[in-house]
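Working through the structure, step by step
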Amino acid sequence: MKTPFILLVFLLMALNFPLAACAETRLEKFREAREHRAQAKELMKLKPQSVVFDSFEGREILVHVAPNARQKNRAMVVVLHGGMGNANHIHGTIGKVMNDAADEGGFILAYLNGSGATRLGENGHNAWNAGGGCCGQPFKNNVDDIGYITRAIDYLAAKYSIDKKQVFGMGHSNGAIMTQTLMCKTDLYQAAIPISGPLNIDAQSCPPAYHKRVLAIHGVLDKNVPIGGGNGTKGVTNIDYKSQSYSKGAFEESSATYTIDAVEGADHSLGNIRDIMLKRDGRTLGQSAALFFGLTPKE
């Protein structure tokens, strides 16, 4: 009689283990989201320096105008924040190195804002509808972020004398996925640097990217949006992400140049990637971006 009882105990333990593991995973994701919100709130409290506060269609835009930017036919880099962040958040992380690079190269920076990421409409916690399930309420509500960004660039081009043939894109996480979608589906950007995010829509090719360039920077240790694709073990999105190799294939099918910079020792954190790249390359992330876009100071 003892043997069946012991087997029953082991069976119950085995059945409960996956439930306990799932509960632990949910708890970790909750903590991750809470920490991200706390960090975002701290960065949101900081009033960005060296920017002009502009707005378009109800969304605030932070614009950095290099003092030595020429009066017309200016180049511009559009920077998109990650999910649950905002323009203040990404400016607080890389604004210093990006603004310094803009001042060296004489170009304009525009930090754009997505729309509310959650049903609660938490103030300042934004996301982009980048397609492929990403991300949050903007995706669920089918927010036309391609249309918004297109119109915002038209607005900025007219106001700040931007040459629309010299507009470049950059973004992190959800903002990187949005940047890849824009490169694949529109002619807005001449080149792009997505950081920690793949092309997540189903696409055999990306015709608008014909003969254009993409530099995809991605941490090898990223557990939020794995470089090899799949569902990340960190973060709260529960999305099956496509891989960077998939993204590379879609762009190269349209004769675009797609370079993957797999950053050893880096996770999903933009600050972590920024610091490791500085040590590795001897250049700031801003200087590397300007170099890739061809916006470094002319000799």
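Look a little higher up for the structure.
Residues numbered from 1 in each chain as written. Predicted model: local features only at pLDDT ≥ 70, side-chain atom pairs only at ≥ 80, totals over all residues. Heavy atoms only, no water.

This part covers the environment of glycine 133. Following the sequence through the fold, glycine 133 ends up in the loop between strand E6 (126-127) and helix H3 (136-140). Between the alpha carbons of glycine 133 and isoleucine 201 there is a distance of 8.4 Å; along the sequence they are 68 residues apart. Non-local contacts of glycine 133, meaning those with residues more than four positions away in its chain, are made with Phe139 and Ile239. (Helix = DSSP H or I, 4+ residues; strand = E, 2+ residues; numbered from the N terminus. Contact = heavy atoms within 4.5 Å.)

Interaxial distance between helix H2 (residues 87-105) and helix H8 (residues 285-293) falls to 7 Å at its minimum, and their mutual angle equals 45°. Judged on the interaxial angle alone, H8 and H2 are oblique. Here the hand of the crossing between H2 and H8 comes out right-handed. For the pair H2 and H8, the contacting residues are Ile94, Val97, Met98, Ala101 and Glu104 in the first and Leu285, Gly286, Gln287, Ala289 and Ala290 in the second. (Axes fitted to C-alpha atoms, helices over the stretch in contact; angles between N-to-C directions. Parallel < 35°, antiparallel > 145°, perpendicular 65-115°, else oblique. Left-handed = near helix turned anticlockwise from the far one by under 90°.)

Attention shifts here to helix H6 (residues 244-252). Of the residues making up H6, those classed as buried are Gln244, Ser247, Ala250 and Phe251. Down the axis of H6, the buried side of the element spans an arc of 120°, and every buried residue falls inside it. (Buried < 20%, exposed > 50% of the residue type's maximum accessible area, 1.4 Å probe, protein only. Arc of directions from axis to C-beta.)

To continue, consider helix H5 (residues 174-185). For H5, spanning twelve residues, the distance from its first C-alpha to its last is 16 Å, which sits close to the expected 16 Å at 1.5 Å a residue. Among the twelve residues that make up H5, eleven are buried, leaving the element largely enclosed by the rest of the structure. Every buried residue belonging to H5 is among Asn174, Gly175, Ala176, Ile177, Met178, Thr179, Gln180, Thr181, Leu182, Met183 and Cys184, and all of these are buried. (Expected span 1.5 Å × (residues − 1).)

This part is about the packing of helix H4 (residues 145-160) against H5. Contact geometry for H4 and H5: axes closest at 11 Å, N-to-C directions at 80°. Regarding the angle of H4 to H5, the classification is roughly perpendicular. Where H4 abuts H5, its residues Asp145, Ile146 and Ile149 lie against Met178, Thr181, Leu182 and Lys185. Counted by class, the contact of H4 with H5 contains four nonpolar, one polar and two charged residues. (Nonpolar A, V, L, I, M, F, W, Y, C, P; charged D, E, K, R; others polar.)

For histidine 64, the position within the fold is in strand E2 (residues 59-65). Looking at histidine 64, its side chain comes within polar contact range of the side chain of aspartate 103, at 2.8 Å. Beyond its immediate chain neighbours, meaning those up to four positions away, histidine 64 contacts Ser50, Val51, Asn99, Ala102, Asp103, Phe107, Ile108 and Leu109. (Polar contact = N/O pair within 3.5 Å; in protein donor to acceptor, adjacent residues only side chain to side chain.)

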